[in-house]
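What the coordinates show
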Amino acid sequence: VQLQASGGGLVQAGGSLRLSCATSGRTSSIYAMGWFRLVPGKEREFVAAIRRTEGSTLYADSVKGRFTISRDNARKMMWLQMDSLNPEDTAVYYCAADGPLRRGELTHQGHYDYWGRGTQVTVSS
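Attention here is on the structure that accompanies the text.

When its secondary structure is counted, the protein chain shows 0 helices and 11 strands. When its helices and strands are written in sequence order, the protein chain yields β-β-β-β-β-β-β-β-β-β-β. Computed over C-alpha atoms, the radius of gyration of the protein chain comes to 13 Å, within 12% of the 14 Å expected from 2.2 N^0.38 for 125 residues, which places it in the range of a compact globule. C-alpha atoms of the protein chain, sized along the principal axes, occupy 40 × 30 × 25 Å. Out of the 125 residues in the protein chain, the part that is buried amounts to 42%. Long-range contacts, defined here as pairs at least 24 residues apart, represent 54% of the contacts in the protein chain between residues at least 6 apart. Carbon and sulfur atoms make up 47% of the accessible area of the protein chain, which amounts to about 6400 Å² in all. Averaged over its 15 positive side-chain charges, the protein chain has a centre that lies 7 Å from the centre of its 11 negative ones.

Here it is in structure tokens:
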């Protein structure tokens, strides 16, 4: 499974961005996909996850009500709509997908086997 994230950029506080994650390869083996973000000096942080078949979602408390994760299995795409952005959302955002092992919780980066390259999101105050 290969993933490619895109859509990052520079936005003012209060603005919106939509990140995309294109997947390819054996995507039928995926149970869940997620978004994580990384700020220099900190550990990679869970943002949101979605179960591929049923579409149920999970969000970090810090983004709940502002971010929306979605997917289109036919198009092999996942998105993260980010609204009401604030400077604390500045980070490199990564999309991820799990594989057959599916270790641990969906909120833990160890659950995911496949990662895309990150896309930078910068929110100015």
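Having seen it, we continue.
This part is about the sheet that holds strand β8 (residues 77-82). Sheets are built from strands paired through backbone hydrogen bonds, the pairs being either parallel or antiparallel. Strand order in this open sheet of 4 strands is β1-β3-β8-β7, and the pairing throughout is antiparallel. Each edge of the open sheet is held by one strand with a lone partner, namely β1 (2-6) and β7 (67-72). Here the average twist between neighbouring strands, direction ignored, is 15°. Here 5 bridges tie β1 to strand β3 (residues 17-24), and the two strands are oriented antiparallel to one another. Residue Ser6 lies in a different strand from β3, and its bridge partner there is Ser20.

Moving on, we come to the environment of Ser29. Looking at where Ser29 falls in the secondary structure, it is placed in the loop between β3 and β4 (32-38). In this structure the side chain of Ser29 is engaged in a polar contact, spanning 2.8 Å, whose partner is the backbone oxygen of Arg26.

This part takes up the pattern of salt bridges. When the charged atoms of two side chains lie near each other, side chains of opposite charge can form a pair. Enumeration over the complete set of coordinates arrives at 5 salt bridges. For Arg37, the salt bridge identified is with Glu45, shortest N-O distance 2.7 Å. Here Glu45 falls in the partly exposed class, since its relative accessible area comes to 32%. Asp61 serves as the salt-bridge partner of Lys64, at 3.1 Å between the closest nitrogen and oxygen. The exposed category is assigned to Asp61, whose relative accessible area is 68%. Linked through salt bridges whose partners overlap, the residues forming this network are Arg37, Glu45, Arg66 and Asp89.

So, on to the side chain of Ser20. Relative to the helices and strands, Ser20 resides in strand β3. A distance of 3.5 Å separates the side chain of Ser20 from the side chain of Trp79, its partner in a polar contact. Discounting chain neighbours no more than four positions away, the residues touching Ser20 are Gln4, Ala5, Ser6, Trp35, Met77, Met78 and Trp79.

Sheet faces and side chains relate simply in a regular strand, where the side chains alternate between the two faces. Of the pairings in the sheet, the one linking β3 to β8 comprises 6 bridges and is antiparallel in character. By the bridge assignment for β8, Ser20 is matched with Trp79.

What follows deals with unusual backbone geometry. Unlike most non-glycine residues, Lys76 shows phi in positive territory, near 55°. For Lys76, the location among the structural elements is in the loop between β7 and β8. On the basis of relative accessibility, which here comes to 34%, the residue Lys76 falls in the partly exposed class. Even without a glycine there, the phi angle at Ser84 is positive, about 50°. By secondary structure assignment, the location of Ser84 is in the loop between β8 and β9 (91-97).

Quick notes on the rules
- Residues numbered from 1 in each chain as written.
- Predicted model: local features only at pLDDT ≥ 70, side-chain atom pairs only at ≥ 80, totals over all residues.
- Heavy atoms only, no water.
- Helix = DSSP H or I, 4+ residues; strand = E, 2+ residues; numbered from the N terminus.
- Rg over C-alpha atoms; globule rule 2.2 N^0.38 Å.
- Buried < 20%, exposed > 50% of the residue type's maximum accessible area, 1.4 Å probe, protein only.
- Contact = heavy atoms within 4.5 Å.
- Areas by Shrake-Rupley, 256 points an atom, 1.4 Å probe, with all protein chains shown as cover.
- Lys, Arg positive; Asp, Glu negative; His and termini not counted.
- Charge placed at Lys NZ, Arg CZ, Asp CG, Glu CD.
- Pairing = 2+ DSSP bridges.
- Axes fitted to C-alpha atoms, helices over the stretch in contact; angles between N-to-C directions.
- Polar contact = N/O pair within 3.5 Å; in protein donor to acceptor, adjacent residues only side chain to side chain.
- Salt bridge = Lys/Arg side-chain N within 4 Å of Asp/Glu carboxyl O.

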